Amino acid sequence: MDSGEKRLNELGYKQELRREMTLFKTFAISFSTMTLFTGITPLYGSSLLYAGPASLVWGWVVVSFFTWFVGLAMAEICSSFPTTGSLYFWAAHLASPKWGPFASWCCAWLETIGLIAGMGTQAYAGSQTLQSIILLCTGTNKDGGYFAPKWLFLCMYIGLTIIWAVLNTFALEVIAFIDIISMWWQVAGGLVIIIMLPLVALTTQSASYVFTHFEMSPEATGISSKPYAVILSFLVSQYSLYGYDSAAHLTEETKGADKTGPIAILSSIGIISIFGWALILALCFSIQDFSYLYDKSNETAGAFVPAQILYDAFHGRYHNSTGAIILLIVIWGSFFFGGLSVTTSAARVVYALSRDKGIPFSSIWRQLHPKHKVPSNAVWLCAAICIILGLPILKVNVVFTAITSICTIGWVGGYAVPIFARMVMAEKKFNAGPFYLGKASRPICLIAFLWICYTCSVFLLPTFYPISWDTFNYAPVALGVGLGLIMLWWLLDARKWFTGPVRNIDNENGKV
């Protein structure tokens with residue numbers, strides 16, 4: 001019997017999903033969920049505007065450093081609990097019997113909210129990139145190019161979501177194969193952009209500019225406080241460096257998951273940390289005119305700063321935008337693959353929570369496709385909610401800010417519950433897996449927990465001043481209402497019947 005399946009049975013679950021994922025395939029999905037471009041490119045422009053290149057460059061290093069603590073803490077827990085429910089299962093078993101159900105409930109819903117909102121961020125950013133591609137393919141903003149209006153932008157958003165759902169209804173092998181393509185797409189595409197962009201640009205910024213130049217833009221952001229500007233400039237890094245828990249969602253489908261899960265988590269963090277920093281450096285070195293990047297009358301309508309940097313580089317040297325369009329297609333492909341991976345993870349969490357009767361109409365969402373053995377109903381539920389999240393695109397200008405904040409707080413906030421439970425539990429009660437931190441576990445968990453709390457806090461802050469309907473960060477209101485209803489449901493009803501992960505194996509006779 002596979003070591004991961006044996007551990008799963010010990011935890012009270014039978015093997016239902018196909019266990020055919022290898023370490024490489026699991027790593028590919030985890031890497032694809034983090035994605036090289038999808039975290040950096042959407043928020044690069046706003047983070048650069050807050051405090052200039054130096055804060056952006058060194059912010060990535062600082063965030064990467066603390067991300068390793070979170071990754072190490074999660075890898076240790078993943079090795080001990082290789083289950084599809086991952087975070088909320090961990091929370092239930094690491095907390096005391098008294099608090100286990102509540103910890104599991106909080107963690108499950110935070111993670112569910114974060115992952116479904118994560119689908120929305122990928123769909124929005126992918127549509128934004130496609131908007132720039134269409135604009136440059138039909139001319140430019142100055143030459144009568146077609147800039148997709150809001151209704152078409154929403155159609156692109158919905159289209160991407162539906163495509164991801166359709167692909168996720170096929171066998172897992174199809175998704176795993178696509179995610180392997182995604183990994184090589186990002187590695188090869190990332191190397192091309194990182195190497196080619198500074199070489200193509202007619203002029204490049206000096207090292208002193210990139211590594212030491214601090215520049216605020218209070219006239220554009222309304223922010224005059226240097227510490228506040230620096231904090232906001234770190235958002236691009238904090239948004240980019242998570243998603244590595246995707247390996248944990250697939251542990252019931254992975255061979256030797258108690259070993260391969262932790263390796264996939266840490267490998268993803270390591271590679272993204274290096275490649276992400278290199279991409280930020282390439283973009284910063286290739287800036288031609290800082291203020292022109294945000295001019296709404298520039299060639300890309302000031303809508304997507306990386307697109308303007310690419311356009312300036314290729315048009316400046318070759319007097320056409322072909323090279324910029326090709327590299328934007330590479331970036332768009334990364335959004336497409338990333339959204340596909342996030343959809344896979346979101347569906348697994350909804351399936352796992354439904355299996356434990358933690359979602360209304362659980363009997364529907366826990367059903368597997370009769371042929372492909374994937375949670376197809378859960379996939380389409382996630383897609384439907386994602387589409388609803390995107391509907392305000394037609395009327396509201398700050399949808400991406402809100403969805404990004406909801407995604408990060410929900411997704412990363414879900415990490416905090418099992419990590420805190422692991423930190424406070426008695427060491428003798430922890431059944432360690434092959435990856436074990438020993439005496440270093442508690443201090444690592446403490447640093448990870450504090451960092452997560454800080455990250456969630458900053459995503460609740462206003463990002464532009466003065467605060468108005470157009471600049472208001474709606475995440476605190478949306479999360480407050482959503483989590484408030486979930487907690488109310490717990491107090492009035494769910495606490496009476498929700499017990500956390502439900503065993504489907506009788507330990508005494510081994511029967512299902």
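No experiment lies behind these values; they were computed from the predicted model shown.

Draft legend 1. Just helix H3 (residues 37-80), in detail. End to end, H3 covers just 32 Å across 44 residues, shorter than the expected 64 Å (1.5 Å per residue, more than 12% under). The largest bend along H3 measures about 120° and falls at Gly-52, with the proline Pro-53 one to four residues further on. With 36 of 44 residues buried, H3 lies mostly within the body of the structure.

Draft legend 2. How the structure looks around the side chain of Gln-238. For Gln-238, the location among the structural elements is in helix H11 (residues 235-240). Within the structure, the side chain of Gln-238 is placed 3.4 Å from the side chain of Thr-455, a separation counted as a polar contact. Look past the residues within four positions of Gln-238 in its chain and what remains in contact with it is Val-63, Ile-231, Thr-408, Trp-451, Tyr-454, Thr-455, Val-458 and Phe-459.

Draft legend 3. Main features of the pattern of salt bridges. Evaluation of the coordinates by the stated rule reveals three salt bridges. Taken together, the salt bridges that share partners define one network made up of Glu-76, Arg-422 and Glu-427.

Draft legend 4. The arrangement of the packing of aromatic side chains in detail. With the rule as written, the count across this model stands at 34 aromatic pairs. Geometrically, the ring pair formed by Tyr-50 and Phe-464 is tilted, given 5.9 Å between the ring centres and 45° between the ring planes. Placement of the pair is Tyr-50 in helix H3 and Phe-464 in the loop between helix H19 (441-458) and helix H20 (475-492), with a sequence separation of 414 residues. A relative accessible area of 25% means that Phe-464 is categorised as partly exposed. Here Tyr-239 and Tyr-242 contribute two aromatic rings whose centre-to-centre distance is 6.0 Å and whose plane-to-plane angle is 65°, an arrangement assigned as edge-to-face. In terms of burial, Tyr-239 and Tyr-242 fall into one category: buried. Every member of this aromatic cluster is reached through a ring pair, and the members are Trp-99, Phe-102, Trp-105, Trp-109, Trp-489, Trp-490, Trp-497 and Phe-498.

Basis of the calculations
Residues numbered from 1 in each chain as written. Predicted model: local features only at pLDDT ≥ 70, side-chain atom pairs only at ≥ 80, totals over all residues. Heavy atoms only, no water. Helix = DSSP H or I, 4+ residues; strand = E, 2+ residues; numbered from the N terminus. Expected span 1.5 Å × (residues − 1). Bend = angle between axes of the 7 residues up to and from the residue. Buried < 20%, exposed > 50% of the residue type's maximum accessible area, 1.4 Å probe, protein only. Polar contact = N/O pair within 3.5 Å; in protein donor to acceptor, adjacent residues only side chain to side chain. Contact = heavy atoms within 4.5 Å. Salt bridge = Lys/Arg side-chain N within 4 Å of Asp/Glu carboxyl O. Phe/Tyr/Trp six-rings, centres within 6.5 Å; stacked < 30°, edge-to-face > 60°.

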